[in-house]
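# Structure at a glance
Residue strings, one per chain:
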Amino acid sequence: MSDALEALWRSGHWLDLAIAITVLELLVLAVCSQSTTHRLRWSAHAWNLLAGLWLMVALRLVLSDAHWMLAAACLAAAGVTHAVDLRNRLRVR
């Protein structure tokens, strides 16, 4: 069993799974924000999830030996979305 977990860890597929779960979470959040029974504020959660998603994509690019500028662009996008999230949170208070 530990060999299978080690192989999963080394392959990076655990990160692919985390990215897929985060995208699914964003889709569920979008659907729930449109529902009349679950009035969620899309912006209250989406910017935070997007920042984390950009970070995971940057890590995935690094693990797959992609060009460094792609990972840097993802990190910059994560910073921008994090700043938008912080601005929105501070404005609400």
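In every chain, residue numbers begin from 1 and rise along the written sequence. Totals for whole chains, interfaces and linings use every residue, but because this is a predicted model, local features are given only for residues with pLDDT of at least 70 and side-chain atom pairs only at 80 or more, for both listing and counting. By convention in this description, side-chain values take in all heavy atoms of the structure and omit both hydrogens and water.

### A closer look at a nonpolar patch on the surface
A cluster of nonpolar side chains, Val23, Leu24, Leu27 and Val28, forms an exposed patch at the surface whose accessible area comes to about 350 Å². Numbered from the N terminus, helices here are DSSP runs of H or I no shorter than four residues, and strands are runs of E no shorter than two. Of note, Val28 is situated in helix 2 (residues 13-34). A residue counts toward a patch only above 30% relative accessible area and without a salt bridge, and it is joined to like-charged neighbours within 9 Å or, for Val, Leu, Ile, Met, Phe, Trp and Tyr, to nonpolar neighbours within 5 Å. Each accessible area is a Shrake-Rupley result for a 1.4 Å probe, and residues are judged covered by the shown protein chains and nothing else. In what follows, salt bridge is the name for a side-chain nitrogen of Lys or Arg lying within 4 Å of a carboxyl oxygen of Asp or Glu.

### Looking at the pattern of salt bridges
Within the structure shown, the criterion is met by three salt bridges. Asp16 is paired through a salt bridge with Arg60; the nearest N and O atoms lie 2.6 Å apart. Separated by 44 residues along the polypeptide, Asp16 in helix 2 and Arg60 in helix 3 (residues 42-63) bring together distant segments of the chain. Working definition: with a 1.4 Å probe on protein chains only, accessible area under 20% of the residue-type maximum means buried, over 50% means exposed, and in between means partly exposed. On the basis of relative accessibility, which here comes to 30%, the residue Asp16 falls in the partly exposed class. Asp85 is the partner of Arg89 in a salt bridge, and the nearest nitrogen-oxygen pair spans 2.9 Å. With Arg89 and Asp85 both in helix 4 (residues 68-92), this residue pair falls four residues apart, about one helical turn.

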